[in-house]
Each structure stands twice: as C-alpha cells, then as structure tokens.
Amino acid sequence: LVFCRMYDGFQESVNGFTKNFYKGAKMPLPLFSAWILLMFFTLFVPFLLVFFDTRFMIIIAINLIGRAVQALSIKQDPLEAILMHPIQMIGYLYIAVRSYAYSEGRIKSVLWKGRLVNN
C-alpha cells in the first residue's frame, strides 16, 4: 500500500547509511566491533572457506535459507537475494566500518541528499 524510495543509487545509499549506521546502533565501540566481526565470520567468511572444507556448506545453506525467508517476507525475489548475498555482506561490512570512521571524525563529512553533512 505504501512505497518509499530512500535513495536513488548505490553511492547515495552508501553515504546515507554511513551517516547513521554506527550512531544508530547505539553500541560502545567494543560491542560494535564484536558485532561486525560476528557478521564477517558468519555471513561472509564461510563463502571463502567452503573452497577448503565443504562442511562450510551447512553454514552457507543456513545463511541463504535465512536470506530467502527474509526476501519473501518483504516481497523480494528470493533467488536474486540469495545470489546477491555475498556482495551485500561486503557492502554491509564496508558501510559499518565507514560509519564508525565517520562517527569518530576520521571522515569529516559525507555527501547526503546533495549536501555535505558533518559528523
């Protein structure tokens, strides 16, 4: 019934989420870091390690089934969501690290909706 487009492109999405990710998590840095490491090791690394040990297929299958269920719940194509999952996880981790850097002043400003926003 309702449609909303937050961002018009990839870079606009990266900048928008960079602006809010770390601050929105409301976690102290050690907990935020642990969360990002957990996401990295459970949602991305198995896709690399499966080339060395096929038992990682179990973790990958759980990840992809979860991603498909999530896609169905928001009326996305589950096959497309599964195929894009590894790329999305790289983006997720990149935005998380970039958001921390922005929030802590290592990145001075982010272009958001056509204007520079300072941290």
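In the block above lies the structure referred to throughout.
Let me sum up the structure you'll find in this document. (Residues numbered from 1 in each chain as written. Predicted model: local features only at pLDDT ≥ 70, side-chain atom pairs only at ≥ 80, totals over all residues. Heavy atoms only, no water.)

Before going further, it helps to spend a moment on the pairing of strand S2 (residues 115–118). Sheet topology places strand S1 (residues 109–112) next to S2; four bridges connect them, and they run antiparallel. Directly across from Trp 112, in S2, lies its bridge partner Arg 115. The turn joining S1 and S2, which pair antiparallel and follow one another in sequence, is formed by two residues; a positive phi near 50° is taken by Lys 113. (Pairing = 2+ DSSP bridges. Helix = DSSP H or I, 4+ residues; strand = E, 2+ residues; numbered from the N terminus.)

In this section: the environment of Trp 112. Within the fold, Trp 112 resides in strand S1. Since its relative accessible area comes to 19%, Trp 112 is described here as buried. (Buried < 20%, exposed > 50% of the residue type's maximum accessible area, 1.4 Å probe, protein only.)

As a packed pair, helix H2 (residues 29–43) and helix H5 (residues 78–103) sit with axes 10 Å apart at the nearest point and diverge in direction by 165°. With respect to H5, the element H2 is oriented roughly antiparallel. Considering how the two elements wind past one another, H2 and H5 form a crossing that is left-handed. Residues Leu 29, Phe 32, Trp 35, Ile 36, Met 39, Phe 40 and Leu 43 of H2 lie in contact with H5, whose contacting residues are His 85, Met 89, Tyr 92, Leu 93, Ala 96 and Tyr 100. Of the residues that constitute the contact of H2 with H5, the class distribution is twelve nonpolar, one polar and no charged. (Axes fitted to C-alpha atoms, helices over the stretch in contact; angles between N-to-C directions. Parallel < 35°, antiparallel > 145°, perpendicular 65-115°, else oblique. Left-handed = near helix turned anticlockwise from the far one by under 90°. Contact = heavy atoms within 4.5 Å. Nonpolar A, V, L, I, M, F, W, Y, C, P; charged D, E, K, R; others polar.)

Right, let's get into the pattern of salt bridges. Tallied over the entire structure, the rule returns one salt bridge. Between Asp 53 and Arg 55 there is a salt bridge whose closest N-O contact spans 2.7 Å. Judged by relative accessible area, which is 23%, Asp 53 ranks as partly exposed. By relative accessible area, Arg 55 is classed as exposed at 63%. (Salt bridge = Lys/Arg side-chain N within 4 Å of Asp/Glu carboxyl O.)

Okay, the nonpolar core next. Counting 13 residues, the largest nonpolar core has Phe 21, Phe 32, Ile 36, Leu 93 and Ala 96 as the members making the most contacts within it. For this core, the elements supplying multiple residues, two or more each, are helix H1 (10–25), H2 and H5. Those residues in contact with Phe 21 that lie beyond four places of it in its chain are Phe 32, Ile 36, Tyr 92, Ile 95, Ala 96 and Ser 99. If you look at the next biggest cluster of nonpolar residues, it comprises five residues, including Tyr 102, Val 110, Trp 112 and Val 117. (Core = buried A, V, L, I, M, F, W, Y, C linked by side-chain atoms within 4.5 Å.)

By themselves these figures say nothing about function.
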